Amino acid sequence: MPDFDAIAERYGTPVYVYDLDRLEQAHDDLVRTLPMGSLIYYSLKANPHPALVRRLGGLGARLEVSSAGELAAVLAAGQSSRNVLYTGPGKTPAELGGALAAGVRLFSAESFADIRRIGAAADRHSVRVDCLLRVNAPDAAGGSGLRMTGTSSQFGFDYEQLMAEWAAFRPPAPVSVRGFHFFPLTNARDEATLLDEMTQSIRCAAQLSQRLGIPLELLDLGGGFAAPYAVPGSRPQYTSLRAGLQEALDTWLPERDKGRPLLAFESGRYLVAECGTFLVSVMEVKESRGRAFAVLDAGINALGGLSATGRLLPVSVGPEDTGRQGPTCTADLVGPLCTPLDRLGRQVRLNGLTPGDVLRVPNTGAYGLTASLLGFLSRPVAAEVIVSSGHVQETSRLALVRTTEGEMRQ
Ligand SMILES: Cc1ncc(COP(=O)(O)O)c(C=O)c1O
């Protein structure tokens, strides 16, 4: 366990601490959850810190990126671009060109226009690329989690559109379609939901492949593996997913060759949420009309929880996480920004509360720093500290830097 007090003292707050031992544990748990031989893609959108990418890459994870910046993080972590799957709608010719120049050869195509753009970029670079077709399944299996497809969506080809239009479509010459990509939902806590969605994806892939003659060499079933966000708690364990997936594969792809299709899964939050702890200091405790406010030295500029999406942050800290003993009190945790929306938690119960206290917000390794309003009010970005076996390995701080027009062209 990292010495959080010493880290706060040495590097100041706000600061994120990522414990690589816990990252490794999450990876091991996910490997055990999935059918043997499955590929696990780490989704950098959850946290692009190169030290996390390096450790996961070292454990055998592949890397799912959706931007030039995420690809740069992969390369900064010393990982091979050949282990990258490049996903996302609206890929620009410039970013596709950059990805190809860096050696990326596997893309997820989200639409006919997207596959044409991928083909055109490959053509310009005189290379061949592999593509998965991202599919928006005809309906949703239901259950918990945030839905991405299975409804009207900007993501993927609608299943029925593929069925109707693929036969007349000629994929660009440099593109080889190798299979399908699904990502129907994220953060599904219950196992039945996950299994239903993945079973539906396997069925769709089998039907599309059989009816349209699309090769099924690689089948990316996405993920949706859940993790707590900025509240105490632990990751769910999906104890029967492996067996359930095996059954679904036997049902829908009974005549598959050994090892084909190669199965792939994607995960951001499950892999990295638990390894992160956010340390933030109490600057002041004030009362206003009978309500207590703990004013912190950072708020949604450092722990934003995708705050631009308008969702309320759930932040809460365990009784031990003020690091002190004292009578229990209840306060709103608010940041220093000039907006009443800068509120990390409402009516949070704490063990005593005094200016100078350092709060430890658990489970903040995913969608923490880089999902925050980093530029708003131009405050310094929180530092990030990497810990392994209880020892600090490295410390860094992201910076927002203004570049001039000349520098932009370089
Ligand atoms: C295509 C895709 N892959 C992976 C992820 C990562 O999701 P999570 O962090 O919930 O595992 C997302 C999240 O939205 C996604 O859209």
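Quick caveat, the model's predicted, so the values are computed rather than measured. (Residues numbered from 1 in each chain as written. Predicted model: local features only at pLDDT ≥ 70, side-chain atom pairs only at ≥ 80, totals over all residues.)

1. A word on the environment of E274
Inference 1: The residue E274 is located in the loop between α10 (269–272) and β13 (276–288) in this model.
Inference 2: By C-beta crowding, E274 is classed as buried, having 24 other C-beta atoms within 10 Å.
Inference 3: With residues near it in sequence (within four places) discarded, E274 still touches R22, A26, A227, S234, R235, N363 and G365. (Helix = DSSP H or I, 4+ residues; strand = E, 2+ residues; numbered from the N terminus. Buried ≥ 20, exposed ≤ 12 C-beta atoms within 10 Å, placed from the backbone. Contact = placed C-beta atoms within 7 Å.)

2. Quick word on the domain arrangement of the protein chain
Quoted interface sizes are often the accessible area lost when the parts come together.
Inference 1: Domain annotation of the protein chain identifies domain 1 (34–267) and domain 2 (274–397).
Inference 2: At the interface, 14 residues of domain 1 touch 20 residues of domain 2.
Inference 3: Looking at the side of domain 1 that touches domain 2 residue by residue, the class counts come to 9 nonpolar, 4 polar and 1 charged. (Domains from an automatic or database assignment. Nonpolar A, V, L, I, M, F, W, Y, C, P; charged D, E, K, R; others polar.)

3. Things to note about the packing of helix α2 (residues 20–33) against helix α3 (residues 50–58)
Inference 1: Close contact between α2 and α3 brings their axes to 10 Å; oriented N to C, the two are set at 45°. Classed by the angle they form, the pair α2 and α3 counts as oblique. Read as a crossing pair, α2 and α3 show a hand that is right-handed. Seen from α2, the contacting residues are L20, L23, E24 and H27; seen from α3, they are L52, R55 and L56.
Inference 2: Per-class residue counts for the contact of α2 with α3 are 4 nonpolar, 1 polar and 2 charged. (Axes fitted to C-alpha atoms, helices over the stretch in contact; angles between N-to-C directions. Parallel < 35°, antiparallel > 145°, perpendicular 65-115°, else oblique. Left-handed = near helix turned anticlockwise from the far one by under 90°.)

4. What to know about the pairing of strand β12 (residues 262–267)
Inference 1: For β12, the buried fraction is high: 5 of the 6 residues fall into the buried class.
Inference 2: Pairing of strand β2 (residues 39–43) with β12, which is carried by 4 bridges, proceeds in the parallel orientation. Of the residues in β12, the one forming a bridge with I40 is F265.
Inference 3: In the sheet, strand β11 (residues 218–220) pairs with β12 via 3 bridges, with the strands oriented parallel. Among the inter-strand pairings, L218 is bridged to a residue of β12, identified as L262.
Inference 4: Since β11 and β12 lie parallel, the crossover through helix α9 (residues 241–252) that links them has a hand, and here it is right-handed. (Pairing = 2+ DSSP bridges. Right-handed = clockwise from strand over helix to strand, strands pointing away.)

5. A look at α9
Inference 1: Across its 12 residues, α9 extends 16 Å between first and last C-alpha, which sits within 8% of the 16 Å expected from 1.5 Å per residue.
Inference 2: Taken together, the buried positions of α9 are L241, L245 and A248. Along the axis of α9, the buried positions cluster into a sector of 60°, meaning they face one direction only. α9 presents A243, Q246, D250 and T251 as exposed residues on the side facing more than 90 degrees away from its buried surface.
Inference 3: The inward-facing, buried residues of α9 abut α2 and α8 (191–212). (Expected span 1.5 Å × (residues − 1). Arc of directions from axis to C-beta.)

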